[in-house]
Amino acid sequence: MSSEAVSSWCFSLADGRALADERTPRRTRIVLGTLGAAAALSAAAFMTVGARGDWAFVLAFRAEKLAGLVLVAAAVAIATVLFQTIAENRILTPAVMGFDSLYLAIQTGAVHFLGSRALVALDPRLRFVVETAAMVALSGLLFRWLFLGRRRSIHLVVLAGLVFGLFFRSLSSMVQRMLDPNEFAVVQDMMFASFNKVDTDLLAVAAAAVAGSGIVCLRLVHALDVLALGRDLSVNLGVDHRRLVTALFAVVAILVSVSTALVGPITFFGLLVASLAYQVAGSDRHRETLPAAILIAIVALVGGQTVLERVFGLDTALSVIVDFAGGLAFLVLLLRSARA
Amino acid sequence: MIEIDSVTKRYGETAVVDDVSLALPAGGITAIVGPNGAGKSTLLSIVARLAPADAGRVRVDGLDVASTPGAVLAKRLAMLRQENQVLARLTVRELVAFGRYPHSRGRPTAEDERHVANSIAYLGLEPLQERFLDELSGGQRQRAFVAMVLCQDTDYVLLDEPLNSLDMKHAAAMMRLLRRAADELGKSIVLVLHDINFAAAYADRIVAMRDGRVVFDGPPEGLMREDVLESVYDMRIRVEAIGDWRLAVYYR
């Protein structure tokens with residue numbers, strides 16, 4: 001190479017580096033800062049708007065619900081981003097693939113085989129842990145093969161998700177028909193998402209699960225970026241693809257269990273927050289997309305719940321609205337990818 | 001040295017790679033040629049542990065690729081497949097920097113930065129380094145991926161059709177660059193090539209495959225004969241000499 005070329009290359013290199021160094025972190029800081037502020041604002045509004053009477057009681061009561069919403073938001077956001085990285089696809093989510101339905105089927109099965117009376121007597125935390133363990137094992141068994149080894153066609157994966165989801169839902173409803181009415185009432189309570197009735201018994205164990213997943217993500221944040229390059233390139237770069245995907249599948253299963261156990265199934269929420277996070281984050285690095293997705297999810301859930309519950313006085317409508325918006329996002333993404 | 005020892009790979013009943021044994025000594029450029037479906041890419045993928053072999057084994061510098069930890073192999077051997085689609089929106093520079101992952105584990109040092117800059121310069125990607133991959137032409141993207149693999153700084157570099165979607169200028173530049181990498185940096189480069197003239201002009205050694213078997217293994221002069229080419233490709237190919245340079249003419 002001529003010396004002139006070298007010097008012009010050095011110049012352009014220095015130039016580009018300066019640009020990249022300045023632009024990316026600053027943009028990230030602004031985006032994450034804004035989202036963080038919005039999340040804090042929604043939390044503050046959730047705690048205070050429309051409070052009457054004894055503040056100590058109101059704050060304690062609302063703090064529990066807030067903690068539940070934040071945990072659900074974080075669980076759904078992390079699970080979706082991780083899953084989309086494993087699947088190398090930004091339309092698939094655990095919910096679209098039928099993970100939620102699998103968890104519901106496990107819950108329904110527990111009611112059927114143990115009976116609601118035994119379940120009530122059982123410590124809900126123990127039950128959650130056992131159901132989550134079943135979830136990790138079954139989802140690993142059922143879904144992992146789709147994402148290991150040879151690249152499967154996206155159509156096969158979507159179809160498998162559709163079939164699995166339908167299968168678990170039919171299985172649950174078949175079992176429900178065989179339940180006596182009292183037990184059915186217990187199951188029915190689990191079947192519909194409600195952000196108003198967060199299961200507060202589980203907060204501590206759910207928080208531990210989400211925190212644990214967060215730590216795993218933090219440790220794997222660079223490996224996740226490599227994984228996003230696809231199987232072949234990540235194997236070439238020395239990532240143990242099979243082990244990493246297996247571990248991430250377990251994390252996703254645990255997080256889906258957390259959100260489904262706390263509020264119930266929410267199909268399109270994860271898709272919505274993950275797509276928004278990719279849009280606003282400065283790059284596709286996981287150290288940016290993961291926190292962005294979590295914060296967007298918190299703003300949507302906590303802020304949305306505040307507005308609906310306190311301002312409009314509505315009860316269960318948030319899950320409907322969230323799924324409606326998420327469903328629209330799903331359609332837009334599908335149409336856009338069909339055109340591209 | 002890459003030792004391929006009776007490797008077989010089957011898809012259903014057909015053996016795509018059929019009991020292949022080869023020893024590729026360190027250094028120089030080896031080109032693998034042959035008709036479509038001869039098993040060239042599959043063999044390369046098995047060597048790079050991207051696909052498991054059904055039988056036989058492959059060792060790189062004595063390390064069995066099936067059992068050696070991926071992180072260890074990633075510092076010795078790099079492979080680029082023919083088609084690479086990346087979901088994440090990355091700039092050329094970010095992509096090339098991933099080549100340092102086996103060494104830096106995501107925390108690049110000044111040394112890593114130097115490798116990235118060198119690879120980008122080596123492939124003449126400086127003007128494009130801040131561009132996103134989806135804003136590049138196929139040939140530019142191909143060069144970015146090759147830069148990433150070179151940035152990995154491994155002794156062995158396996159490339160599956162690196163000339164794919166490159167124009168004449170860049171194809172020749174790519175081959176000259178690989179020749180330089182072999183001569184100056186002492187790399188061992190194994191390529192799958194379609195164009196036998198490129199293979200003959202740049203490779204030290206050519207391996208020809210047909211129906212999953214090695215049918216020729218030797219220096220380019222040995223392959224560039226009409227009878228040998230006909231046995232590999234099953235078509236009549238004229239070989240013309242221009243000076244001491246042999247050219248296969250198969251266009252009509």
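The rules behind these values
- Residues numbered from 1 in each chain as written.
- Chains lettered and ligands numbered in written order.
- Predicted model: local features only at pLDDT ≥ 70, side-chain atom pairs only at ≥ 80, totals over all residues.
- Heavy atoms only, no water.
- Helix = DSSP H or I, 4+ residues; strand = E, 2+ residues; numbered from the N terminus.
- Buried < 20%, exposed > 50% of the residue type's maximum accessible area, 1.4 Å probe, protein only.
- Areas by Shrake-Rupley, 256 points an atom, 1.4 Å probe, with all protein chains shown as cover.
- Rg over C-alpha atoms; globule rule 2.2 N^0.38 Å.
- Lys, Arg positive; Asp, Glu negative; His and termini not counted.
- Charge placed at Lys NZ, Arg CZ, Asp CG, Glu CD.
- Polar contact = N/O pair within 3.5 Å; in protein donor to acceptor, adjacent residues only side chain to side chain.
- Pairing = 2+ DSSP bridges.
- Contact = heavy atoms within 4.5 Å.
- Axes fitted to C-alpha atoms, helices over the stretch in contact; angles between N-to-C directions.
- Buried area = accessible area lost by both parts, 1.4 Å probe.
- Salt bridge = Lys/Arg side-chain N within 4 Å of Asp/Glu carboxyl O.
- Phe/Tyr/Trp six-rings, centres within 6.5 Å; stacked < 30°, edge-to-face > 60°.
- UniProt positions renumbered as here; feature names shortened; annotations may be inferred.
- pLDDT = per-residue confidence, 0-100.

### Re the overall build of chain A
(1) Moving on: Helices and strands together make up the secondary structure of chain A, namely 14 helices and 0 strands.
(2) Moving on: Reading chain A from its N terminus to its C terminus gives the helix and strand order α-α-α-α-α-α-α-α-α-α-α-α-α-α.
(3) Moving on: Of all 340 residues assigned to chain A, the portion counted as buried reaches 52%.
(4) Moving on: As displayed, chain A has an accessible area near 15800 Å², and 67% of this comes from carbon and sulfur atoms.

### Focus: the overall build of chain B
(1) Moving on: Scanning chain B from terminus to terminus reveals 10 helices and 12 strands.
(2) Moving on: Taking 18 Å as the expected radius of gyration for a compact globule of 252 residues, we find that chain B reaches 18 Å, a close match to that expectation.
(3) Moving on: Taken over the C-alpha atoms alone, chain B extends approximately 55 × 40 × 35 Å along its principal axes.
(4) Moving on: Buried positions account for 53% of the 252 residues belonging to chain B.
(5) Moving on: Accessible surface for chain B amounts to roughly 11100 Å². Of this, 49% is attributable to carbon and sulfur atoms.
(6) Moving on: One finds the centroid of the 31 positive side-chain charges in chain B at a distance of 3 Å from the centroid of its 35 negative side-chain charges.

### Examining the environment of B:Asp160
Residue and element names in this part refer to chain B.
(1) Moving on: Following the sequence through the fold, Asp160 ends up in strand E7 (residues 156-160).
(2) Moving on: It is 5.2 Å that separates the C-alpha atoms of Asp160 and Gln82, two residues lying 78 residues apart in sequence.
(3) Moving on: Of note is the side chain of Asp160, whose polar atom sits 2.9 Å from the side chain of Ser41.

### Concerning the sheet that holds strand E2 (residues 14-24) of chain B
Residues and elements named next belong to chain B.
(1) Moving on: Taken in spatial order, the 4 strands of this open sheet run E2-E1-E4-E5, and their pairing is antiparallel. Edge positions in the open sheet fall to E2 and strand E5 (63-64), since each of these has one partner strand only.
(2) Moving on: Alignment of strand E1 (residues 2-11) against E2, held across 7 bridges, turns out to be antiparallel. Counted as the bridge partner of Lys9 is Val17 from E2.
(3) Moving on: Helix H1 (residues 40-47) contacts E1, E2 and strand E4 (55-60) of the sheet and is inclined by roughly 120 degrees relative to E1.

### Brief notes about the pairing of E4(B)
Remark: a regular strand shows side chains that alternate across the two faces of the sheet.
All names here are of chain B.
(1) Moving on: Bridge count between E1 and E4: 5 bridges; the pairing is antiparallel. The residue bridging Asp5 from the neighbouring strand is Arg57, located in E4.
(2) Moving on: Here E4 hands over to E5 after 2 residues, with Asp61 in that stretch at a positive phi of 50 degrees.

### Description of the side chain of A:Thr93
Residues and elements named next belong to chain A.
(1) Moving on: Mapped onto the secondary structure, Thr93 falls in the loop between helix H2 (55-87) and helix H3 (99-114).
(2) Moving on: The exposure class of Thr93 is buried, given its relative accessible area of 1%.
(3) Moving on: If we ignore the near neighbours within four places in the chain, the residues touching Thr93 are Thr80, Phe83, Gln84, Thr267 and Leu271.

### Regarding the interface of chain A and chain B
(1) Moving on: Taken together, the 30 residues of chain A in the interface contact 38 residues of chain B.
(2) Moving on: With both chains or domains summed, chain A and chain B bury close to 2700 Å², and 59% of this area falls on carbon and sulfur atoms.
(3) Moving on: Remark: the boundary between chain A and chain B carries 1 salt bridge.
(4) Moving on: Linking chain A to chain B there are 7 residue pairs in polar contact (both at pLDDT 80 or more).
(5) Moving on: Breaking the side of chain A that touches chain B down by element, the ones donating at least two residues are helix H1 (3-48), helix H9 (221-227) and helix H10 (231-236) of chain A.

### Some thoughts on the packing of aromatic side chains
Residue and element names in this part refer to chain A.
(1) Moving on: Under the criterion given, the structure shown has 10 aromatic pairs over all chains.
(2) Moving on: Ring geometry for Phe83 versus Phe249: centroids 6.2 Å apart, planes at 75 degrees, classification edge-to-face. A residue pair is termed long-range when its members are at least 10 positions apart, and Phe83 in helix H2 and Phe249 in helix H11 (residues 241-262) qualify at 166 residues. In this pair, the class of Phe83 matches that of Phe249, namely buried.

### Points about the UniProt feature "domain: ABC transporter" (unreviewed entry) in chain B
(1) Moving on: With numbering aligned to this structure, UniProt lists the feature "domain: ABC transporter" (unreviewed entry) at residues 2-236 of chain B.
(2) Moving on: Structurally, residues 2-236 of chain B comprises 37% helix and 26% strand, and the distance from its first C-alpha atom to its last is 33 Å.

### Looking at the pattern of salt bridges
Two side chains bearing opposite charge may form a pair once their charged atoms approach each other closely.
(1) Moving on: For the structure on display, the rule yields 24 salt bridges over all chains.
(2) Moving on: Taking the shortest distance from any N to any O, the salt bridge between A:Glu131 and A:Arg127 comes out at 3.1 Å. Of this pair, A:Glu131 and A:Arg127 both sit in helix H5 (residues 124-147), 4 residues apart, roughly one helical turn. Each member of the pair, A:Glu131 as well as A:Arg127, carries the same accessibility label: buried.
(3) Moving on: The closest approach of N and O atoms between B:Glu135 and B:Arg89, which form a salt bridge, is 3.8 Å. Remark: B:Arg89 occurs in the loop between strand E6 (77-80) and helix H3 (92-98) and B:Glu135 occurs in the loop between helix H5 (110-122) and helix H6 (138-151); sequence separation between them is 46 residues.
(4) Moving on: Exposure remark for B:Glu135: the relative accessible area of 37% places this residue in the partly exposed category.
(5) Moving on: It is possible to trace a salt-bridge network through shared partners that takes in B:Arg89, B:Arg131, B:Asp134 and B:Glu135.

### Focus on the sheet that holds E6(B)
Residues and elements named next belong to chain B.
(1) Moving on: Pairing within the open sheet is mixed, and its 6 strands lie in the order E6-E7-E8-E3-E9-E10. Edge positions in the sheet fall to E6 and strand E10 (213-218), since each has one partner strand and no second. Direction aside, the axes of adjacent strands within the sheet are offset by 15 degrees on average.
(2) Moving on: Summarising the sheet, strand E3 (residues 28-33) and strand E9 (residues 205-210) pair through 4 bridges and their orientation is parallel. Directly across from Val33, in E9, lies its bridge partner Ala208.
(3) Moving on: Packing of H6 onto the sheet brings it into contact with E6 and E7, and relative to E6 it is tilted by some 170 degrees.
(4) Moving on: Packed on one face of the sheet, helix H10 (residues 226-233) meets E3, E9 and E10 and runs near 40 degrees to E9.

### Concerning unusual backbone geometry
(1) Moving on: Positioned with a positive phi, A:Glu88 is a non-glycine residue whose angle comes to about 50 degrees.
(2) Moving on: Considering the arrangement of structural elements, one finds A:Glu88 in the loop between H2 and H3.
(3) Moving on: Positive phi values are uncommon outside glycine, yet B:Asp61 reaches one of about 50 degrees.

### Structural notes on the confidence of the model for chain A
(1) Moving on: Averaged over chain A, the pLDDT score is 80; the fraction of residues at 70 or greater is 86%.
(2) Moving on: Between residues 1-23 of chain A, whose pLDDT stays under 50, and residues either more than four places distant or in other chains, the model counts 18 contacts.

### Remarks on the side chain of A:Ser213
Residue and element names in this part refer to chain A.
(1) Moving on: In this structure, Ser213 sits in helix H8 (residues 203-219).
(2) Moving on: Under the relative-accessibility criterion, Ser213 is labelled buried at 4%.
(3) Moving on: Polar side-chain contacts of Ser213 include one of 2.7 Å to the backbone oxygen of Ala209.

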